[in-house]
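# Close look at the chain arrangement
If you want the building blocks of each chain, they are given just below.
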Amino acid sequence: MKLLIERNAQDLSSTAARLVARQVLTQPRSVLALPTGDTPRGMYEVLVGLEQRGLLDLSHVRAFNLDEYLDLPEDDPRSFRSYMVRHLWEQLAAPPADWFIPSSNPADEQGECAAYEEALCRTGGVDLAVLGIGPNGHIGFNEPGTPWALGMHVVTLAEATRHKEAARFGGLANVPRRGISMGIKTIMRCGRIVLLASGEGKAEILARALLGPVTTEVPASVLQLHPWLTVVVDQPAAGALTTP
Ligand code: F6R
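The model shown is predicted, which means the values in this text are computed figures rather than measured ones.

The rules behind the values
Residues numbered from 1 in each chain as written. Predicted model: local features only at pLDDT ≥ 70, side-chain atom pairs only at ≥ 80, totals over all residues. Heavy atoms only, no water. Patch = residues over 30% accessible without salt bridge, like charges linked within 9 Å, V, L, I, M, F, W, Y side chains within 5 Å. Areas by Shrake-Rupley, 256 points an atom, 1.4 Å probe, with all protein chains shown as cover. Salt bridge = Lys/Arg side-chain N within 4 Å of Asp/Glu carboxyl O. Buried < 20%, exposed > 50% of the residue type's maximum accessible area, 1.4 Å probe, protein only. Near = heavy atom within 4 Å. Polar contact = N/O pair within 3.5 Å; in protein donor to acceptor, adjacent residues only side chain to side chain.

## Looking at a nonpolar patch on the surface
Residues Trp148, Val214 and Leu225 make up a contiguous nonpolar surface patch of about 260 Å² in total accessible area. When its relative accessible area of 31% is taken as the criterion, Val214 is described as partly exposed.

And the structure:
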């Protein structure tokens, strides 16, 4: 595992974007697995900036989002689909033609999971996955207790996850109760993984994930077993990683 501790969220975003850019520059048809959330927003901004300056072309990548809410219209501004369009795809002069995000409202949920796995399989697998970590240690929407042997699957969101999103949805009652997520099995098969964590609120769970036992109770802890993991954090998130 490589650990990069950056001064602040801005530096974290630049470093994360550099890792993605390096992957795409060396392999323009890279398969990327991408997160949403607060943490990667700055990374997307930097990637857009690189494209605008003619330094990066993302049009040939094959992109897969890690997860999506269920029981939400696809064009709801809070869906992960809308997030990706807003923060990345519509900002690019040449977005990739090949982008797969599960529907937040599929007619056939199991069929949607199978279609995602099939599409991923056809690419030959993910070259680089960027992950965030939830306050309860989730990666994608793999909540504590999720077995490691799952591919794409339907998820019941943990209460901690729903609480974190309550303000965005105008109250807890409006936060979807379910999601759809790339499973740990699929995540662990990604060639390279970059894990991002920003802010003091992530310090304790990050320390548990990286230094504690590998357990399904802290889903991100499984990443300790991945052969190519780079963790990029800012100083506040790194607060519990050092011994006094
Ligand atoms: C979202 C995802 C989640 C987030 C995690 C952290 O696509 O995969 O696992 O990465 O909830 O979210 P933020 O960055 O908002 O703290």
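## Comments concerning the pattern of salt bridges
Scanning all chains against the criterion turns up 10 salt bridges. The residue Arg7 makes a salt bridge to Asp11 at a minimum N-O spacing of 3.1 Å. For Asp11, a relative accessible area of 21% corresponds to the partly exposed category. Between Arg78 and Asp76 there is a salt bridge whose closest N-O contact spans 3.0 Å. Residue classification places Arg78 among the partly exposed positions, given a relative accessible area of 28%. Through salt bridges with shared partners, a single ionic network connects Asp38, Arg41, Lys164, Glu165 and Arg168.

## A short note on the site of the ligand
Around the ligand, 17 residues are found, and the nearest of them are Thr39, Asp67, His138, Gly140 and Lys202. Measuring from an oxygen atom of the ligand, one finds a side-chain N or O atom of Lys164 at 3.0 Å. The contact in question runs from an oxygen atom of the ligand to an N or O atom on the side chain of Lys202, over 2.6 Å. Look at the ligand: alone it shows 410 Å² of surface, and the protein chains cover 95% of it.

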